[in-house]
Amino acid sequence: MTPTDLTITPRDRRFGRGQGSARHWLNGDPIATAFFNALSITFPRGEAYFIDSVRVFREGVPDRLAQEIAAFTRQEVVHSREHLAFNRQVTDNGYDVSLLDADVVRLLDLARQRPPIISLAATMALEHFTAILAHELLRDPRYLVGAEPEAAAMWRWHAIEEIEHKGVAHDTWMHATRNWSRAKRWRVKTLMMLIVTKHFLHHRARGMMELLRQDGITNVRAWGGLLHYALVRPGILRRVARPWMSYFLPGFHPWRVDDRALIALADSAYADARMAAPATA
């Protein structure tokens, strides 16, 4: 269950305004930069979809969940704004992101043709993805070693808020499907996670390959670099494999892992000090 003392706090932050950005802003590494840039391109449209998917079902929810949906909405609106600003820096550095954006538009147009409860299931799956990636990013701040300070601060801020609101879509889903059998609920949500995972990995890899192509990195060199980054060092996708699988357990809830301590850690001097060390395998 979502902790009763949880506070979802919208933080109206602005990052990197009026500043230039290096093309490879993450330690001069085109592979690592492509990983985060390709994610960021998806966020403004994706988070608008998340908001719409959850708010469709806000009528009649318990008061506490209604407050959490409102806070979730405010957080996601600001996330969209800041990623739009970040994405402008990506394009200012010469990247053409039209293919990446077109992929997002096409997928969301298809998703919006489905019943609203299916959109909510897709949102719940994607919110789990963002929450486990956020957990890993805050668990080991060295993923952002060598990053430009404003960019690193933006990604940590986003991760903090993803953890805070990680239960909102799930709790909304549980309320919306309260008259379903447990078997039907599990079947639909797990099927949607498999579909979402397939599309997420395919299109994010496609987007990263496109950005690397624009850096002159193609074929084996590009694929090898991406696979090494994702699965070996620092291995962020390898590290989130187990929490991803936890989604399929009967009775799963995002707050079975209470990682609010990471939020405090992200703001501490300890986290800043660790930025000086290289990411571990």
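Numbering of residues begins from 1 in every chain and follows the order in which that chain's sequence is written. Confidence filtering applies because this is a predicted model: local features only for residues at pLDDT of at least 70, side-chain atom pairs given and counted only at 80 or more, and all residues used for totals across whole chains, interfaces and linings. Side-chain measures were taken over the full set of non-hydrogen atoms in the model, leaving aside hydrogen atoms and water.

Draft legend 1. Expanded view of the overall build of the chain. Secondary structure elements are defined from DSSP: runs of H or I of at least 4 residues count as helices, runs of E of at least 2 residues count as strands, and each element is numbered from the N terminus. On a plain count of helices and strands, the chain comes out with 12 helices and zero strands. Counting from the amino terminus, the chain carries its helices and strands in the arrangement α-α-α-α-α-α-α-α-α-α-α-α. Dimensions of the chain along its principal axes, counting C-alpha atoms only, are 55 × 40 × 35 Å. Three labels apply to residues, based on accessible area from a 1.4 Å probe with only protein chains included: buried if under 20% of the type maximum, exposed if over 50%, partly exposed otherwise in between. Classification of the 281 residues of the chain by burial places 54% in the buried group. Each accessible area is a Shrake-Rupley result for a 1.4 Å probe, and residues are judged covered by the shown protein chains and nothing else. Taken as a whole, the chain presents about 13,000 Å² of accessible surface, with 59% of it coming from carbon and sulfur. Averaging the coordinates of the 37 positive side-chain charges in the chain and doing the same for the 30 negative ones gives two points 6 Å apart. Here Asp and Glu are counted as negative and Lys and Arg as positive; His is not counted, and neither are the chain ends. Here the site of a charge means atom NZ of a Lys, CZ of an Arg, CG of an Asp or CD of a Glu.

Draft legend 2. Molecular detail of the layout of surface pockets. Here a cavity denotes grid points, spaced 1 Å and computed from the protein atoms alone, that fit a 1.4 Å probe unable to get out, and a pocket denotes an open set having protein on both sides within 12 Å along at least 5 of 7 lines; residues with an atom within 4 Å of a point are the lining. Grid points are joined across faces, edges and corners, and a volume is the space filled by probe spheres set on the points. Considered as a void within the structure, the largest pocket measures approximately 820 Å³ in volume. In this structure, the largest pocket is lined by 34 residues; those nearest its centre are F50, L126, V196, F200 and R204. The element that contributes the greatest number of residues to the lining of the largest pocket is helix α1 (residues 30-55), accounting for nine residues. Only Asp, Glu, Lys and Arg are considered charged, only Ala, Val, Leu, Ile, Met, Phe, Trp, Tyr, Cys and Pro nonpolar, and every remaining residue, Gly among them, polar. Here the residues of the lining of the largest pocket sort into 24 nonpolar, six polar and four charged.

Draft legend 3. Inspection of the packing of helix α4 (residues 116-139) against helix α7 (residues 182-213) at higher detail. Note on geometry: axes are C-alpha line fits, over the in-contact stretch for helices, and angles between N-to-C directions span 0 to 180 degrees. α7 packs onto α4 with a crossing angle of 60 degrees between their chain directions and a minimal axis gap of 9 Å. The orientation of α4 relative to α7 falls into the category oblique. Of the two elements, α4 crosses α7, and the hand of that crossing is right-handed. For the pair α4 and α7, the contacting residues are I118, A121, A122, M124, A125, L126, H128, F129 and L133 in the first and V188, K189, M192, M193, V196, T197 and F200 in the second. Taken together, the residues of the contact of α4 with α7 break down into 13 nonpolar, two polar and one charged. Small angles under 35 degrees read as roughly parallel and large ones over 145 as roughly antiparallel, with 65 to 115 read as roughly perpendicular and the rest as oblique. Note on convention: near helix rotated counterclockwise from far helix by under a right angle means a left-handed crossing. Clockwise means right-handed. Here, residues are in contact when the closest pair of their heavy atoms is within 4.5 Å.

Draft legend 4. View of the packing of aromatic side chains. Stacked, tilted and edge-to-face are the three classes applied to pairs of Phe, Tyr and Trp rings, where Trp contributes its six-membered ring and a pair requires centres within 6.5 Å; stacked means planes under 30 degrees apart, edge-to-face means over 60, and tilted covers the rest. Counted according to the given criterion, the structure contains 14 aromatic pairs. Ring geometry for W25 and F86: centres 5.5 Å apart, planes at 90 degrees, overall edge-to-face. Remark: F86 occurs in helix α2 (residues 63-92) and W25 occurs in the segment before α1; sequence separation between them is 61 residues. What makes W25 buried here is its relative accessible area of 4%. You can call F86 buried: its relative accessible area is 7%.

Draft legend 5. How the structure looks around the nonpolar core. Definition of nonpolar core: a set of buried residues of the types Ala, Val, Leu, Ile, Met, Phe, Trp, Tyr and Cys, connected through side-chain atoms within 4.5 Å. The biggest cluster of nonpolar side chains holds 81 residues, and the ones touching the most others in it are W25, F36, L144 and W155. Residues in contact with W25, not counting those within four places in the same chain, are T33, F36, N37, F86, G146, A147, E148, A151 and W155.

Draft legend 6. Fine view of empty space enclosed by the protein. If you walk through the whole model with that rule in mind, you get three cavities of 30 Å³ or more. Quantified by volume, the largest cavity comes out at close to 60 Å³. In this structure, the largest cavity is lined by S21, A22, R23, W25, N37, F86, Q89, V90, N93, Y95 and A151. Class assignment for the residues of the lining of the largest cavity results in six nonpolar, four polar and one charged.

Draft legend 7. Spatial organisation of helix α6 (residues 168-176). With seven of nine residues buried, α6 lies mostly within the body of the structure. Those residues of α6 lying buried are V168, A169, H170, D171, T172, W173 and H175. On its buried side, α6 packs onto α1, α2, α4 and α7.

Draft legend 8. How the structure looks around the confidence of the model for the chain. With 95% of its residues at a pLDDT of 70 or more, the chain has an overall mean of 94. How sure the predictor is of each residue is captured by pLDDT, a score from 0 to 100. Predicted confidence for residues 273-281 stays below pLDDT 50, and this span has 25 contacts to residues more than four positions away or in other chains.

Draft legend 9. Representation of the pattern of salt bridges. Note on definitions: salt bridges are taken to be side-chain nitrogens of Lys or Arg within 4 Å of carboxyl oxygens of Asp or Glu. Applying the stated criterion across every chain yields a total of 19 salt bridges. Note that R45 and D101 form a salt bridge whose closest N and O atoms lie 2.9 Å from each other. Residue R45 is located in helix α1, and its partner D101 is located in helix α3 (residues 98-111); the two are separated by 56 residues in the primary sequence. For R45, a relative accessible area of 39% corresponds to the partly exposed category. Note that E82 and R81 form a salt bridge whose closest N and O atoms lie 2.8 Å from each other. In this structure R81 comes out as partly exposed when scored by relative accessible area, which is 24%. A network of salt bridges, in which partner residues are shared, links D12, R14, R17, R81 and E82.

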